[in-house]
Amino acid sequence: NAGVTQTPKFQVLKTGQSMTLQCAQDMNHNSMYWYRQDPGMGLRLIYYSASEGTTDKGEVPNGYNVSRLNKREFSLRLESAAPSQTSVYFCASSVHGGGFNSPLHFGNGTRLTVT
Amino acid sequence: AQSVTQLGSHVSVSEGALVLLRCNYSSSVPPYLFWYVQYPNQGLQLLLKYTTGATLVKGINGFEAEFKKSETSFHLTKPSAHMSDAAEYFCAVSGLNNNDMRFGAGTRLTVKP
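Reading the values: the criteria
Residues numbered from 1 in each chain as written. Chains lettered and ligands numbered in written order. Predicted model: local features only at pLDDT ≥ 70, side-chain atom pairs only at ≥ 80, totals over all residues. Heavy atoms only, no water. Helix = DSSP H or I, 4+ residues; strand = E, 2+ residues; numbered from the N terminus. Rg over C-alpha atoms; globule rule 2.2 N^0.38 Å. Buried < 20%, exposed > 50% of the residue type's maximum accessible area, 1.4 Å probe, protein only. Contact = heavy atoms within 4.5 Å. Areas by Shrake-Rupley, 256 points an atom, 1.4 Å probe, with all protein chains shown as cover. Lys, Arg positive; Asp, Glu negative; His and termini not counted. Charge placed at Lys NZ, Arg CZ, Asp CG, Glu CD. Pairing = 2+ DSSP bridges. Axes fitted to C-alpha atoms, helices over the stretch in contact; angles between N-to-C directions. Buried area = accessible area lost by both parts, 1.4 Å probe. Salt bridge = Lys/Arg side-chain N within 4 Å of Asp/Glu carboxyl O. Disulfide = S-S within 2.5 Å.

### Topic: the overall build of chain A
Moving on, step 1. Helix and strand counts for chain A stand at 0 helices and 11 strands.
Moving on, step 2. Counting helices and strands in the order they occur from the N terminus, chain A gives β-β-β-β-β-β-β-β-β-β-β.
Moving on, step 3. In summary, chain A has a C-alpha radius of gyration of 13 Å against a globular reference of 13 Å for 115 residues, a match within 12%.
Moving on, step 4. Counting only C-alpha atoms, chain A reaches 40 × 30 × 25 Å along its principal axes.
Moving on, step 5. The burial tally for chain A puts 48% of its 115 residues in the buried class.
Moving on, step 6. In chain A, of all internal contacts separated by at least 6 residues, the share reaching a separation of at least 24 is 56%.
Moving on, step 7. For chain A, the computed accessible surface area is about 5200 Å², with 49% contributed by carbon and sulfur atoms.
Moving on, step 8. Where the 10 positive side-chain charges of chain A centre and where its 7 negative ones centre are 6 Å apart.

So this is what it looks like as structure tokens:
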């Protein structure tokens, strides 16, 4: 049972390059999320998808785009990478969007460095 | 809006000693409170959560937390630390929806032999 799978695990980009981070879950969850983790700042929500076919901005959406490809997959795209986007990116999913009885399940992260 | 403050970015205890990780929250609605644990090179795992009802919440691996509304606190404790508890711990608060969830900056727990 894989849970939430993220690819790649590591990536180095030059400023201005683009890339897509992939995320897939096999738990039949409705809601999916992208977070970034920076030292001393915890996790901050970039974008989320409450259900298939919908996406919404989170706390720090600038410089990113997302696609909910189907119920299983939720990708994050950096169109023109900047050094400020150096971070560890986590994908998460939950049965539905309600926090009280639908906890988040996290992938193992993608460590991105932009030079 | 919700926010979380974790007191102490790094806590060090001896094996067998009490673990106390502090978390204070701010919320404009009745809060749902969570503790997550992150082991090296892994994602976050849910340790325990408070939604409604009993204010003392028990989680996995012997951890528990007490919701104190008057103090706006949700501190995490474990009576006796084990080497395997070494990890980073995140407190989080949310309203009704997961997209409202806000995480604290994290506390790295070191356990000395």
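And the narrative resumes.
### Brief notes about the sheet that holds strand S8 (residues 74-78) of chain A
All names here are of chain A.
Moving on, step 1. In space, the 4 strands of this open sheet follow the order S1-S3-S8-S7, with antiparallel pairing throughout. Two strands close off the open sheet at either side, each with one partner strand: strand S1 (4-7) and strand S7 (65-68). Within this sheet the neighbouring strands show an average axis-to-axis angle of 15°, counted without direction.
Moving on, step 2. In terms of strand pairing, S1 meets strand S3 (residues 19-25) through 4 bridges, oriented antiparallel. Residue Thr7 lies in a different strand from S3, and its bridge partner there is Gln22.

### Re the sheet that holds strand S8 (residues 73-78) of chain B
All names here are of chain B.
Moving on, step 1. Taken in spatial order, the 5 strands of this open sheet run S1-S3-S8-S7-S6, and their pairing is antiparallel. Here the strands that pair on one side only, and so sit at the sheet edges, are strand S1 (2-7) and strand S6 (56-58). On average, each strand axis in the sheet is inclined to that of its neighbour by 20°, with strand direction left out of account.
Moving on, step 2. Relative to strand S3 (residues 19-27), S1 is paired through 6 bridges, and the arrangement is antiparallel. Bridged to Gln6 within S3 is Cys23.

### Quick word on the interface of chain B and chain A
Moving on, step 1. Every contact between the two is made by 21 residues of chain B and, on the other side, 25 residues of chain A.
Moving on, step 2. Between chain B and chain A the total buried area reaches about 1800 Å² when both faces are included, carbon and sulfur atoms providing 54% of it.
Moving on, step 3. By the criterion of area lost to chain A, the three top residues of chain B are Asn98(B), Asn99(B) and Phe103(B), representing 32% of everything that side buries.
Moving on, step 4. Taken together, chain B and chain A are joined by 1 salt bridge.
Moving on, step 5. For Arg102(B), the salt bridge is made with Glu59(A), and the minimal N-O distance between the two is 3.8 Å.

### Section: the pairing of S8(B)
All names here are of chain B.
Moving on, step 1. Extensive coverage of S8 is indicated by the burial of 5 of its 6 residues.
Moving on, step 2. Judged from the 4 bridges that link them, S3 and S8 form a sheet pairing that is antiparallel. Looking at the pairing, Val19 lines up with Lys78 of S8.

### Let's talk about the state of the cysteines
Moving on, step 1. Taken as a whole and assessed by the stated rule, the structure comprises 2 disulfides over all chains.
Moving on, step 2. The partner cysteine of Cys23(A) in its disulfide is Cys91(A), sulfur to sulfur 1.9 Å. Across the S-S bond linking Cys23(A) and Cys91(A), the dihedral sits near -70°, which makes this disulfide left-handed. Of this pair, Cys23(A) sits in strand S3 while Cys91(A) sits in strand S9 (residues 87-94); the two residues are 68 residues apart in sequence, bridging distant segments of the chain.
Moving on, step 3. Owing to a relative accessible area of 3%, Cys23(A) belongs among the buried residues under this scheme.
Moving on, step 4. Here Cys23(B) engages in a disulfide with Cys91(B); their sulfurs sit 2.0 Å apart. Around the S-S axis, the bridge from Cys23(B) to Cys91(B) shows a dihedral of about -65° and counts as left-handed. Placement of Cys23(B) in strand S3 and of Cys91(B) in strand S9 (residues 87-94) is noted, with a sequence separation of 68 residues between them.

Treat this as a map of the structure, not an account of what it does.
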